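Structural description and commentary
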Amino acid sequence: MTSPTPRALIAEDEPILAAALTHALQRLWPELDIVATCPNGVEALRQGLALQPDILFLDIKMPGKTGLEAAEELAEQWPDGVPFPHIVFVTAYDEYALAAFEHAAADYVLKPVNDARLGKTVERLQQRLRDSSVGKGVGNGTATATATATATSTSTSTSAPATTATAAPAAGTASDDNMARLLSQLQAMLPPAPRLQMIRAAVGNSVRMIALADVVYFEALDKYINVVCQDSEALIRTSLKELLPQLDPQQFWQIHRGTIVNASAIATAVRDEAGKLSLTLRQHPAQLRVSPLYAHLFRQM
């Protein structure tokens, strides 16, 4: 249950900015208990799971893990039955990206943080915490998540009218859907990468050319990616984070933070007795686990 005194975690790699946000929140919301300030995404993930705060303020660009990656992994690892935190993404974007935030119906403020603008975010968070508390009193107790994206920019232009992310309905999969939708919107704001046509994998003294159509799935292995085809495998030295923007999102679906699958290779999506989803493939014996964050991809039409 949400604690009587709301608790927040701030993840920001610049100490001055973290202190400024802390002080602003203390002025605008004296009752808010800031339980931790983390200098990177790895620590935000660790402390978030340990402390289970009501609200997370995540800078998008941080060392170790970005705010997006930390939010995604938190959503995957969050314990069942515990309400997922309300999320405020904090970052510096140019005017083009601010327009993208508006199009994505996501909230933002301009940097330096303005008390009046941040105050509106505080009011929305307070209302959502009240709504969550009421929902648990009359509903089924299923955790729901609400995500508000807050962008900051060095621009001195006047802030645009506030818009907010879609409020989470009180349904069992609402938190995953809401988070997946917001992460997808924010990822779309990143500069597009050139599309890959072929995978070039070193095999001994030669380079193997693998057509993307022949790839069944990509699997993260430490500093490498295992490129799995129907009857062979090969390693490439890159990360899923770097690879994903170069793939056609209609053809290759991320289904887990460590797995991208060729959609045409999927045979069935099967849910076990515990509610966990996995995929069987058309011409490969592997079964691939699907993170709850991506389960919406496999809903019946």
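For the structure, see preceding data.
Quick look at the structure, then. (Residues numbered from 1 in each chain as written. Predicted model: local features only at pLDDT ≥ 70, side-chain atom pairs only at ≥ 80, totals over all residues. Heavy atoms only, no water.)

Details of the sheet that holds strand β11 (residues 252–256)
Two modes of strand pairing occur in sheets, parallel and antiparallel, and in both the strands are linked by backbone hydrogen bonds. So the rule is basically this: Two strands qualify as a pair provided that DSSP identifies no fewer than 2 bridges between them. The way it works is that DSSP assigns letters per residue, a run of H or I at least four long becomes a helix, a run of E at least two long becomes a strand, and they are numbered from the N terminus. Axis definition: a line fitted to C-alpha atoms, over the contacting stretch in the case of helices. Angles run 0 to 180 degrees between N-to-C directions.
Pairing is antiparallel in the open sheet, where 5 strands are placed in the order β10-β9-β8-β12-β11. Looking at strand neighbours, the two that pair on one side only are β10 (233–236) and β11, the edges of this open sheet. Adjacent strand axes in the sheet meet at a mean angle of 20° when their direction is disregarded. Here strand β8 (residues 215–221) pairs with strand β9 (residues 224–229) via 6 bridges, running antiparallel. Its bridge partner being in β9, Glu-219 is matched across the sheet by Asn-226.

Things to note about the side chain of Lys-65
Our working definition: Polar contact is the term for a pair of N or O atoms within 3.5 Å; when the atoms are in protein, one must be able to donate a hydrogen and the other to accept it, and sequence-neighboring residues count only if both atoms are side-chain atoms. We call two residues in contact whenever any of their non-hydrogen atoms come within 4.5 Å of each other.
Residue position: Lys-65 is located in the loop between β3 (55–59) and α3 (67–77). Here the side chain of Lys-65 touches Glu-73 through a polar contact of 2.8 Å, side chain to side chain. Not counting residues within four places of it along the chain, the set of residues in contact with Lys-65 comprises Gly-41, Val-42, Leu-45, Ala-70 and Glu-73.

Topic: the environment of His-256
Note the following rule: For every residue, the accessible area (1.4 Å probe, protein chains only) is compared with the maximum for its type, and the residue is labelled buried under 20%, exposed over 50%, or partly exposed between those bounds.
Relative to the helices and strands, His-256 is located in strand β11. What makes His-256 buried here is its relative accessible area of 13%. The spacing of His-256 and Arg-289 is 33 residues in sequence and 7.2 Å in space, taken between C-alpha atoms. In terms of polar contacts, His-256 uses its side chain to reach the side chain of Arg-289, at 2.8 Å.

Nothing here speaks to function; it is geometry throughout.
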